[in-house]
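Here's the letter readout for the chains.
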Amino acid sequence: MKEGYVLVMTSLWLLGGVSSQDCPWEEQGLLPWSDAMTWESFLIPSEGSEILISTGKRVLLDIQPPRLATITIQKGAALIWGNVSGLVLRVEYIMVEGEFIVGSEVCPFIHKAHIKLYGKSDSRYFIDDPNFGRKFIGVPEGGTLELHGKPKTSWTRLSQTIPELDNIECGVVYNHSSQLIGKERQKGLHVIIWNEDGSPLDFDVFDLRTFENVSKFVQTIPDGKIIGMFLFGSDGIGRRGDPAQNGKLAYLDMTIQKLGGDVITKVTDTDSYSFIVRKGDPSSASESYLPDGQRFPGEERYLHLTDWSNTLTFRWQPAHPFHSIIFAC
C-alpha cells in the first residue's frame, strides 16, 4: 500500500483587533463531528466510513477521526478544521464540491494540520474523472479549499548543478528527484502517470508478485496521459526463462506491448530498462534497454506534446530515471 502525505504547516499570525468570531471554528451553528446527531446514521463515523457532508451542513472537525475511506463535501456544505492540536485526517480521497476550510486570512490556524492519503492502485475508491482518480484532494469548479497560516518566504535547496538545457526556453513544472515519490526505493517496476500539464497523477511500484496488476492499473488511466516506467534494483524484473516466473512476466510484456513497447520481452533480471509513452498513441513510445547491468550513455530522450497553446517536453535520462524533468514552453 502506498501512502501520500500532505502536511499543512501553519503558524499564528493574528492581526490587531481580531475577534474570535473571525475564526472559522467559532462560526455559529457549526455541527460538531463528535456529535452523533450531526450524522444521518446518528453514529459518529467509524473506521472505513465513507463520509458525505450533504448540502446545507457545516461540520466542525473537533476530534481525531479514525482512518476513513472517503470524504465528499457537497456543494453548499462545508468542513471546517477545528482549533485542535495534533489532528491527523487519514483518508483515500477528499472531494471538495463545497468548502474545506483551515483557518482564515484574519485568523490563521496556529497548529499543524495533517492529511494523510492512502490506498492501493486498484482501490475501489476512486472518481472516474481524468482530473482526479485515486488518492487526491480534489476541488472541482465551484468548490473552495482554504488553508491559512503565516506567510513564509518560499525557497528550495539546489542539490546539484543544473545541466545546460540545449536552448529549451521552458519552465520546469516537474522534477522527479525533488518529489516525494522520487524517494521511493522499492525494487521492481516503477510506474509514474502524469497529466498533460506535467503534474503527477498517480504512482505505484510492481514486482513479480504483482505484475498482473500492471494491466489493471494502466486500464484506469485515461488516454492522453503520460506513462513512464523504469526498473529499479538489480532483480527488478526477475529471471526470464524460469518456468516459475514466465507466466508472471507475460502479463507485463503484453501490457507494455499494447502501449507501444517492443523490447520488453528481451529484458531480464540484471538488465537496464525504461519506457515512456502517451497513452493511446503507441507511436509516441520510447524505450531504452541495455543488457546485464550496462549503463546507458549520457544521452537524454525527449517526448514532445502539444495541447492547444501548451507545449510540454518530457526529458528523461535512461541512465538516471530519477532525474526525469518536464518543461512547459
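Residues numbered from 1 in each chain as written. Predicted model: local features only at pLDDT ≥ 70, side-chain atom pairs only at ≥ 80, totals over all residues. Heavy atoms only, no water.

> Outline the sheet that holds strand 11 (residues 136–138), listing residues and values.
Pairing between the strands of a sheet comes from backbone hydrogen bonds, and it takes one of two forms, parallel or antiparallel. Overall, parallel pairing links the four strands, which are arranged 3-5-8-11 in an open sheet. If you trace the sheet from one side to the other, it starts and ends with strand 3 (50–53) and strand 11, each paired once. The average undirected angle you get between the axes of adjacent strands in this sheet is 5 degrees. Judged from the three bridges that link them, strand 8 (residues 93–96) and strand 11 form a sheet pairing that is parallel. (Pairing = 2+ DSSP bridges. Helix = DSSP H or I, 4+ residues; strand = E, 2+ residues; numbered from the N terminus. Axes fitted to C-alpha atoms, helices over the stretch in contact; angles between N-to-C directions.)

> With reference to specific residues and values, describe the state of the cysteines.
Any covalent bond linking the sulfur atoms of two cysteines counts as a disulfide. This structure, assessed with the given rule, holds one disulfide. Shown here is the disulfide that connects cysteine 23 with cysteine 107, its sulfur atoms set 1.9 Å apart. Of note, the bridge from cysteine 23 to cysteine 107 carries an S-S torsion of about 80 degrees and is right-handed in sense. Of this pair, cysteine 23 sits in the loop between strand 1 (2–9) and strand 2 (31–32) while cysteine 107 sits in the loop between strand 9 (99–102) and strand 10 (112–119), placing them 84 residues apart in sequence. Residues cysteine 23 and cysteine 107 agree in their burial class; the two are buried. (Disulfide = S-S within 2.5 Å. Buried < 20%, exposed > 50% of the residue type's maximum accessible area, 1.4 Å probe, protein only.)

> Describe the packing of aromatic side chains, and please don't skip the residues or the numbers.
Using the criterion set out here, one finds six aromatic pairs in the structure. Seen from their ring centres, tryptophan 33 and tryptophan 39 are 5.0 Å apart, and the 75 degrees between their planes marks the pair as edge-to-face. Considered together, tryptophan 33 and tryptophan 39 belong to a single accessibility category, that of buried residues. Clustering of aromatic rings is evident, with ring pairs tying together Tyr93, Phe132 and Phe136. Over the ring of tyrosine 118 we find arginine 67; its NZ or CZ atom is 4.0 Å from the centre of that ring. (Phe/Tyr/Trp six-rings, centres within 6.5 Å; stacked < 30°, edge-to-face > 60°. Lys NZ or Arg CZ within 6 Å of the ring centre and 35° of its normal.)

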